[in-house]
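# Working through the structure, step by step
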Amino acid sequence: MKNVEIVRIFREIAYLIQIAENDPNTIYKVRAYERVADVIENMSTELEEIYSKSGIKGLRKIPSIGNAISSKIEEFIKLHKIAYHEELTTKVPINISEFYNLRGIGPMTLKILYEKLKITSISQLEKAASEGSIKRIKGFSKMKEDNIMKMIQLSKQNKGRYLLGDVYPLIKKIESRLRTEDGIIHCAIVGSFRRMKETIGDIDILVSTKEPEKVINFFIKMPEVAEIKGKGKTKAFVELGNGIGVDLLVVPEESFGSASQYFTGNKEHNISLRNLAVSMGFHLNEWGLFTKKKRKIAGTNEQQIYNKLHLQLIPPELRENSGEIEYFSNNQNEILGLVDYGDLKGDLHTHSDITDGTMSIKDMALQAKNKFGLDYIAITDHTKSLRLANGLNEKQLLEQINKIQQLNDVINESKADTRFRIFSSAEVNILKDGTPDIVNNVLDKLDIVGASIHSHFSLSKDIQTERLVKAAKNPSIDILFHPTGRLINKRTGYSIDVEKIINTAYETKTVLEINSNYNRLDLRDEHIRLAVQNGVKLAINSDAHHPVHFAYLLFGIGQARRGWAKKLDIINTLKADTLLKVLK
Ligand code: DGT
Ligand code: CA
Ligand code: CA
Ligand code: ZN
């Protein structure tokens, strides 16, 4: 038995309990199973090993594992199944792995759909939605039914693709393990992951070693591996516990650069590069760059390959065959000045526990400063028309300004040289008619004002565009947050004329946000590129509701790079004082 297998079973149990059991204490049970799954997922020792050495007592020493769970683990080790799990799947014979991928339908909705319509698979769900039987269930509506239909279509389009942020920590963990393994000279994660694409089809790992067989055996035995799909002398293909595939490729050291180039892709970039090589009388493949007489002239590192082809080293995020080869030809003396991963000085979109965040303003600020090295954050709590999030009214906003002023003194004590700044701000709601839900003379007392749409998503394109244009023209609004409202794989976003918004942003000096939450990444790459070409300034923000979310900034920076944004285009690469001066 492998840890990943039992993690999978425990997660299924947590999900199924919510559908099958009507007990008010269900939620504690669910959390217990989820917590145990998390703990086991992060263990570096196999449970089976612990069990064979120290029995059930050994299992109980693991945090979060008590009597009930340890006997379930024992049962699984001995019988390779758990009676309780089987009981649940008999009770509700739902194909839940299908529904895991349907973002937006949780176990509670599924419970109702199962009880009312006996829906157990996505195809049945699709049939029910197309026949209009979902909207007739109490608590559902035509809009909910349409949304379900849209979600099914989206999940079909993105079949089997994983959000970058969902797989990022797992991939980094595997990478660091391989990097420190004996016998591995170099290791790189390549493919779409290296290009920081929003979604990842499969993970591609490249290693160089003198002992391919040993490395491949180490790789296929990693605790995350659920199934070995294929194994050869220089490659292996496995599936991890969460279902994502991983390609491992093993190359000799002298081809590590050319193989990195090849397996980073994308395919179209590779084809163009190969054609360029041919036009210069060379031959390029994953083993190296060769002359007509098959003499190898580059291969150990990527830089060499690009340089021999008279190109600067092209950043991986730009390798999409969309003009980068022309741009980076050495004849061009220009330096792009792409925004880089260490460039952000602050974050202009964060929430505190005063509304729907989960930490105090002070804790948000201290962690931003001490853990993430930022110099400032703006606290952008929601405003009054967002009742679900306890939005602030005018009076409460004014109180918050005072509180923030005091906190700025507390946090900084006497150390003037390392001054951290909390900006007073808000994420004001743009009402249906394009006006903010807080009056302008209060907004003008804030340091920075962000605005976003949280309602009336289905207005026509013209009206929705006018709504945002009006917000951009408002002299008190500095930044439009998550301008298109899309959620990757889940919601396409409201329909707007993005070009028109970009033009208006330029004319009114309104900043557009790149929201770094990996579910949003809004603006998307092509819109970032258009904004940058049109001289619009951007802000890369985390939308943190907890300090751990500051880590999302990394995804926003990747997105900005894929949109060719330069450091100069991003206002939160500026110092706090300069930043305030560039706002309208
Ligand atoms: P994904 O996995 O769908 O998110 O996207 P990628 O880009 O990671 O694609 P993948 O895993 O199929 O292949 C990794 C890289 O290998 C790809 O970016 C470029 C290279 N590659 C794969 N197939 C071909 C091919 O037929 N021709 C060329 N020139 N390169 C290829
Ligand atoms: Ca891939
Ligand atoms: Ca692949
Ligand atoms: Zn927000």
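Just so we're clear, the structure is a prediction, and the values are computed from it rather than from any experiment.

Surrounding the zinc ion (ligand 4) are the protein donor atoms His-349 (NE2), His-351 (NE2), Glu-427 (OE) and Asp-543 (OD), which sit 2.0 to 2.3 Å from the metal. Its four donor atoms give the zinc ion (ligand 4) angles of 79 to 166° at the centre, a pattern that matches the irregular case. On the primary sequence, the residues serving as donors to the zinc ion (ligand 4) are separated as H-x1-H-x75-E-x115-D. Pair noted here: His-351 is in the loop between strand E11 (346–350) and helix H17 (361–370) and Glu-427 is in strand E14 (residues 427–429), with a separation of 76 residues, a long-range link. Judged by its relative accessible area of 1%, Glu-427 falls in the buried class.

Time to look at the sheet that holds strand E10 (residues 296–298). Taken in spatial order, the three strands of this open sheet run E8-E9-E10, and their pairing is antiparallel. One side of each edge strand has no neighbouring strand; the edge strands of this open sheet are strand E8 (282–285) and E10. Averaged over all neighbouring strand pairs, the angle between strand axes comes to 35°, with direction disregarded. As paired strands, strand E9 (residues 288–291) and E10 are joined by two bridges and run antiparallel to one another. Across the sheet, residue Leu-289 finds its bridge partner in E10, namely Ala-298. Across the sheet, helix H14 (residues 267–279) is in contact with E8 and E9; its angle to E8 comes to roughly 155°.

Once that is clear, we can look at the coordination of the calcium ion (ligand 3). Protein-derived coordination of the calcium ion (ligand 3) comes from Asp-202 (OD), Asp-202 (OD), Asp-204 (OD) and Asp-247 (OD), at a distance range of 2.3 to 2.6 Å. When the donor residues of the calcium ion (ligand 3) are listed from N- to C-terminus, their spacing reads D-x1-D-x42-D. Here the calcium ion (ligand 3) and the calcium ion (ligand 2) are spaced 3.7 Å apart, with Asp-202 acting as a shared donor. Taken as a pair, Asp-204 in strand E4 (residues 203–209) and Asp-247 in strand E7 (residues 245–251) lie far apart in primary sequence, 43 residues in all. Take Asp-204: its relative accessible area is 12%, and that puts it in the buried class. Residue classification places Asp-247 among the partly exposed positions, given a relative accessible area of 23%.

If you walk across this open sheet you meet the five strands as E2-E4-E7-E6-E5, and the pairing is mixed. Both edges of this open sheet fall to strand E2 (184–190) and strand E5 (225–231), since each of them pairs with a single strand only. Going across the sheet, the axis of each strand differs from the next one's by a mean of 20°, ignoring polarity. Contacting E2, E4 and strand E6 (235–240), helix H10 (residues 164–179) crosses the sheet at an angle of about 165° to E2.

Take the packing of helix H1 (residues 3–20) against helix H5 (residues 83–91) next. Put simply, H1 and H5 touch, their axes get as near as 10 Å, and they point 45° apart. The angle between H1 and H5 places the two elements in the oblique class. Two packed elements cross with a definite hand, and for H1 against H5 that hand is left-handed. Contacts from Ile-9, Glu-12, Ile-13, Leu-16, Ile-17 and Ala-20 of H1 reach H5 at Tyr-84, His-85, Leu-88, Thr-89 and Lys-91.

This next bit is on the site of ligand 1. Taken together, 16 residues lie near ligand 1, and Arg-161, Ser-192, Arg-195, Gly-201 and Asp-202 sit nearest. Here an oxygen atom of ligand 1 and a side-chain polar atom of Arg-161 are 2.8 Å apart. In this structure, an oxygen atom belonging to ligand 1 sits 3.0 Å away from a side-chain N or O atom of Arg-195. Relative to its unbound accessible surface of 610 Å², ligand 1 loses 71% to contact with the protein. Residue assignment for the shell around ligand 1 shows that the elements contributing at least two residues are helix H11 (191–194), helix H13 (256–264) and H14. Here the residues of the shell around ligand 1 sort into three nonpolar, seven polar and six charged. Counting the residues that make up the shell around ligand 1, at least three belong to each of domain 2 (162–250) and domain 3 (261–330).

Domain boundaries in the protein chain define domain 1 (2–157), domain 2 (162–250), domain 3 (261–330) and domain 4 (346–582). In this structure, domain 2 and domain 4 have C-alpha centres spaced 36 Å apart. Contact with domain 2, which involves ten residues of that partner, is made by twelve residues of domain 4. Considering only the surface of domain 2 that becomes buried against domain 4, Leu-163, Met-196 and Glu-198 emerge as the three largest contributors, covering 57% of it. The interface formed by domain 2 and domain 4 holds two salt bridges in total. Where Arg-486 meets Glu-198, a salt bridge forms, and the shortest distance between an N and an O atom there is 2.7 Å. On inspection of domain 2 and its partner domain 4, the count reaches five residue pairs in polar contact (both at pLDDT 80 or more). Element by element, the count of residues in the side of domain 2 that touches domain 4 is highest for H10, at four residues. Here the residues of the side of domain 2 that touches domain 4 sort into four nonpolar, two polar and four charged.

Criteria and thresholds
- Residues numbered from 1 in each chain as written.
- Chains lettered and ligands numbered in written order.
- Predicted model: local features only at pLDDT ≥ 70, side-chain atom pairs only at ≥ 80, totals over all residues.
- Heavy atoms only, no water.
- Donors = N, O, S within 2.8 Å, 3.2 Å for Na, K, Ca; no water.
- Tetrahedral: all angles 85-135°; square planar, octahedral: opposite > 155°, others 65-115°.
- Helix = DSSP H or I, 4+ residues; strand = E, 2+ residues; numbered from the N terminus.
- Buried < 20%, exposed > 50% of the residue type's maximum accessible area, 1.4 Å probe, protein only.
- Pairing = 2+ DSSP bridges.
- Axes fitted to C-alpha atoms, helices over the stretch in contact; angles between N-to-C directions.
- Contact = heavy atoms within 4.5 Å.
- Parallel < 35°, antiparallel > 145°, perpendicular 65-115°, else oblique.
- Left-handed = near helix turned anticlockwise from the far one by under 90°.
- Near = heavy atom within 4 Å.
- Polar contact = N/O pair within 3.5 Å; in protein donor to acceptor, adjacent residues only side chain to side chain.
- Areas by Shrake-Rupley, 256 points an atom, 1.4 Å probe, with all protein chains shown as cover.
- Nonpolar A, V, L, I, M, F, W, Y, C, P; charged D, E, K, R; others polar.
- Domains from an automatic or database assignment.
- Buried area = accessible area lost by both parts, 1.4 Å probe.
- Salt bridge = Lys/Arg side-chain N within 4 Å of Asp/Glu carboxyl O.

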